[in-house]
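These are the residues of each chain, in order.
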Amino acid sequence: MKYSKGTVGRIFLLKFDDDDVLLDEINKFARHEKLNCAAMIFLGALKKGDIVTGPKKPVIPPEPNWVKFKDGWEVMGIGTLFTNKKGPQIHIHASMGKKNKVITGCIRKDSKVFLVIEAIVFEIKGVKAIKDIDPETGINLLRIL
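Computed from a predicted structure; not experimentally measured.

Student: For this particular structure, what's the right way to read the packing of aromatic side chains?
Tutor: Given two aromatic rings, their pairing is described by the distance between the two centres and the angle made by the two planes. Summed over all chains, the structure comprises one aromatic pair. Ring centres 5.0 Å apart and planes at 80° place the aromatic pair Phe12 and Phe29 in the edge-to-face group. Taken together, the residues Phe12 in strand S1 (residues 7-17) and Phe29 in helix H1 (residues 22-33) connect sequence positions 17 residues apart. For Phe29, a relative accessible area of 16% corresponds to the buried category. One cation-aromatic arrangement involves Lys109 over Trp66; the distance from NZ or CZ to the ring centre is 4.5 Å.

In structure tokens:
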């Protein structure tokens, strides 16, 4: 295990609207605010999108188990944001429910907001870390510098 110690910087309250593409909006926000390192929590609903619910088998490199969802799901989640030369690298895990069904995993691609998502973003200052593609796993992994 490796770790780095930092402090909380700015704190942001975000409101996403119906049909916003969640990851695109977070990316635009992070670029505008020049965030390099942050943690976030959120709740609301997603209309449709894609989520990765673990690997198909526990092997390296892993093959993602893609699940599509639609028709509006309640959602709550947590995420991190680190930057590299390409810009913000956003990693969000969420648990979503509809009627008596639950999906938990990593929100991906063009997942769209249904009605509203409220988020709080906590900037982390003093930590030197990036996310980049790990050559062994092929996954965008955190690297503490």
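Student: Teacher, can you tell me more about the pairing of strand S4 (residues 73-84) here?
Tutor: Every other side chain in a regular strand lies on the same face of the sheet, so the side chains alternate between the two faces. Across ten bridges, the pairing between strand S2 (residues 37-55) and S4 is antiparallel. Across the sheet, residue Phe42 finds its bridge partner in S4, namely Gly77. The sheet contact formed by S4 and strand S5 (residues 87-98) spans eleven bridges and is antiparallel. Among the inter-strand pairings, Met76 is bridged to a residue of S5, identified as Ser95.

Student: Honestly, the layout of surface pockets in this entry has me stumped. Any pointers?
Tutor: Empty space within the largest pocket amounts to approximately 640 Å³. Taken together, 24 residues line the largest pocket, and the ones lying closest to its centre are His91, Cys106, Arg108, Ile139 and Asn140. Elements supplying a minimum of two residues to the lining of the largest pocket: H1, S2, S5, strand S6 (101-125) and strand S8 (140-144). Looking at which element gives the most residues to the lining of the largest pocket, the answer is S5, with six residues. Of the residues that constitute the lining of the largest pocket, the class distribution is twelve nonpolar, eight polar and four charged.

Student: Sorry, what's going on with unusual backbone geometry here?
Tutor: As a rule of thumb, non-glycine residues mostly have phi less than zero, and peptide bonds are mostly trans rather than cis. In this model, Ile60 is joined to Pro61 through a cis peptide bond whose omega is 0°. By the secondary structure assignment, Pro61 is in the loop between S2 and strand S3 (64-69). The residue Asp19 is not glycine, and still its phi comes out positive at about 75°. Its location among the elements puts Asp19 in the loop between S1 and H1. Non-glycine residue Lys34 carries a positive phi angle of around 55°. On the secondary structure map, Lys34 appears in the loop between H1 and S2. Judged by its relative accessible area of 65%, Lys34 falls in the exposed class.

Conventions we followed
Residues numbered from 1 in each chain as written. Predicted model: local features only at pLDDT ≥ 70, side-chain atom pairs only at ≥ 80, totals over all residues. Heavy atoms only, no water. Phe/Tyr/Trp six-rings, centres within 6.5 Å; stacked < 30°, edge-to-face > 60°. Helix = DSSP H or I, 4+ residues; strand = E, 2+ residues; numbered from the N terminus. Buried < 20%, exposed > 50% of the residue type's maximum accessible area, 1.4 Å probe, protein only. Lys NZ or Arg CZ within 6 Å of the ring centre and 35° of its normal. Pairing = 2+ DSSP bridges. 1 Å grid on protein atoms, 1.4 Å probe; cavity = no way out; pocket = protein on both sides within 12 Å on 5 of 7 lines; lining within 4 Å. Points joined across faces, edges and corners; volume = space filled by probe spheres on them. Nonpolar A, V, L, I, M, F, W, Y, C, P; charged D, E, K, R; others polar.

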